[in-house]
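Spelled out, the chains give:
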Amino acid sequence: MLDQLIQYDKELFLFLNNLGTPTWDALWLIITHKLTFIPLYALLLFLIYKQFGLKTLVFSVLLIALMVTFTDQITNLFKHGFQRARPCRQEGVMEQMRFIAERCGPYGFFSGHASNTMAAAVFSGLLLRPYYKKLIFILLLWSAIVAYSRIYVGVHYPLDILCGMTFGALSGFMFYKIMNYIIKRYVVPEQV
């Protein structure tokens, strides 16, 4: 059963990865670069400041740093625990795929890009939902596009992406709940 799932994962990866063309390679390399979305993060922090004030912004920045650290470290535990080779290092796959990433690390299960962007999307989307109802959907779409970019450039299988996004969503939700507690306990009483 597991072998069949892994085989389907490889086949889906090769199908999706080989949809790419040199015409679009530069765009996907920009999307997958970790610094590309700094302006988006800055905008989200500005929106948090605008709606909640400076104290909540400071708590948010600290909590987001903890969330990213938590998500990264759990991702690394999984990568080193499962030691699933990335497609760009897998015999029988790397010969049939398009590889356009700058580098190829050793292990890929699960995707740090997918988990971190999904955590950020869920955390900030839920936090800002009372003020910007559709923002969470835009952020979820953004996260899915960033996650897909990892397949496009050749460094993750679809299951790496799916599991990373799932873990990121759970992480983002957990830290959103912590943020809600902090707001109710430490921020709101002072504003009354």
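To keep things clear, this report deals only with the structure shown in the data block. Each chain carries its own residue numbering, running from 1 in the direction its sequence is written. Only residues with pLDDT of at least 70 get local features here, since the model is predicted, and only at 80 or more are side-chain atom pairs given and counted; chain-wide, interface and lining totals rely on the full set of residues. Hydrogens and waters are ignored; side-chain quantities use all the structure's heavy atoms.

## Thoughts on the packing of aromatic side chains
As a reminder of what qualifies: When two rings of Phe, Tyr or Trp (its six-membered ring) have centres within 6.5 Å they constitute a pair, described as stacked for plane angles under 30 degrees, edge-to-face for angles over 60, and tilted for the intermediate range. Helix and strand assignments come from DSSP, with helices taken as H or I runs of at least 4 residues and strands as E runs of at least 2, each series counted from the N terminus. Throughout this description, buried means an accessible area under 20% of the type-specific maximum (1.4 Å probe, protein chains only), exposed means over 50%, and partly exposed covers the range between.
The final tally for this structure, using the stated rule, is 15 aromatic pairs. Ring centres of Phe 13 and Tyr 157 lie 5.4 Å apart, and the angle between their planes is 65°; on these two criteria the pair is classed as edge-to-face. Note that Phe 13 is positioned in helix α1 (residues 2-17) and Tyr 157 in the loop between α6 (135-152) and α7 (158-191), a separation of 144 residues in sequence. Taken as a pair, Phe 13 and Tyr 157 share a single burial class, namely buried. Ring centres 5.4 Å apart and planes at 45° place the aromatic pair Phe 110 and Phe 167 in the tilted group.

## Considerations on the packing of helix α4 (residues 54-82) against helix α5 (residues 112-128)
Our working definition: For helices, the fitted line uses only the C-alpha atoms of the stretch in contact; every axis is such a line through C-alpha atoms, and the angle between N-to-C directions lies from 0 to 180 degrees. Small angles under 35 degrees read as roughly parallel and large ones over 145 as roughly antiparallel, with 65 to 115 read as roughly perpendicular and the rest as oblique. The hand of a helix crossing depends on one turn: near helix anticlockwise from the far one by less than a right angle means left-handed, and clockwise means right-handed. In this description, contact between two residues means that some pair of their heavy atoms is separated by no more than 4.5 Å. Just so you know the grouping, Ala, Val, Leu, Ile, Met, Phe, Trp, Tyr, Cys and Pro go in nonpolar, Asp, Glu, Lys and Arg go in charged, and all remaining residues, Gly too, go in polar.
Two elements in contact, α4 and α5, have axes whose closest approach is 9 Å; the angle formed by their N-to-C orientations is 150°. Relative to α5, the element α4 lies roughly antiparallel. The way α4 lies across α5 gives a crossing that is right-handed. From α4, Ser 60, Leu 63, Ile 64, Met 67, Val 68, Thr 71, Asp 72, Thr 75 and Lys 79 reach across to α5, where they touch Gly 112, Ser 115, Asn 116, Ala 119, Ala 120, Phe 123 and Leu 127. Class assignment of the residues belonging to the contact of α4 with α5 gives a composition of 8 nonpolar, 6 polar and 2 charged.

## As for the nonpolar core
Side chains of nonpolar character tend, in soluble globular proteins, to be buried together. Our working definition: Joining through side-chain atoms within 4.5 Å is the link that ties buried Ala, Val, Leu, Ile, Met, Phe, Trp, Tyr and Cys residues into a set, and such a set is a nonpolar core.
Ranked by size, the top nonpolar core spans 48 residues in total, and within it Phe 13, Phe 123, Leu 127, Leu 128, Trp 142 and Met 179 carry the most contacts. At the level of secondary structure, the elements contributing two or more residues to this core comprise α1, α2 (22-32), α3 (38-52), α4, α5, α6 and α7. Element by element, the count of residues in this core is highest for α5, at 10 residues. Not counting residues within four places of it along the chain, the set of residues in contact with Leu 128 comprises Leu 44, Leu 47, Ile 48, Gln 51, Phe 52 and Leu 135.

## Re α6
Within an α-helix, residues lying three or four positions from one another point in the same direction, as the helix has 3.6 residues per turn. The condition that has to hold: Here a helix's expected span is defined as the number of its residues, less one, multiplied by 1.5 Å.
A rise of 1.5 Å per residue sets the reference length of α6, with its 18 residues, at 26 Å; its end C-alpha atoms lie 26 Å apart and thus fit the reference within 8%. All buried positions along α6 are accounted for by Leu 135, Ile 136, Leu 139, Trp 142, Ser 143, Val 146, Ala 147, Ser 149, Arg 150, Ile 151 and Tyr 152. Note on α6: the residue one or two positions beyond its end, Gly 154, has a positive phi of about 100°.

## Some details on the pattern of salt bridges
Pairing between side chains of opposite charge can happen when their charged atoms approach one another. What counts here: Any carboxyl oxygen of Asp or Glu that lies within 4 Å of a side-chain nitrogen of Lys or Arg is treated as forming a salt bridge with it.
Summed over all chains, the structure comprises 3 salt bridges. Here Asp 25 and Arg 98 are joined by a salt bridge, their closest N and O atoms 2.8 Å apart. Within this pair, whereas Asp 25 is found in helix α2, its partner Arg 98 is found in the loop between α4 and α5, the two being separated by 73 residues in sequence. Residue Arg 98 is classed as buried on the basis of its relative accessible area of 16%.

## Observations regarding the environment of Phe 82
Secondary-structure assignment places Phe 82 in helix α4. Under the relative-accessibility criterion, Phe 82 is labelled exposed at 53%. Taking the C-alpha atoms as reference points, Phe 82 and Phe 52, separated by 30 residues in sequence, lie 41 Å from one another.

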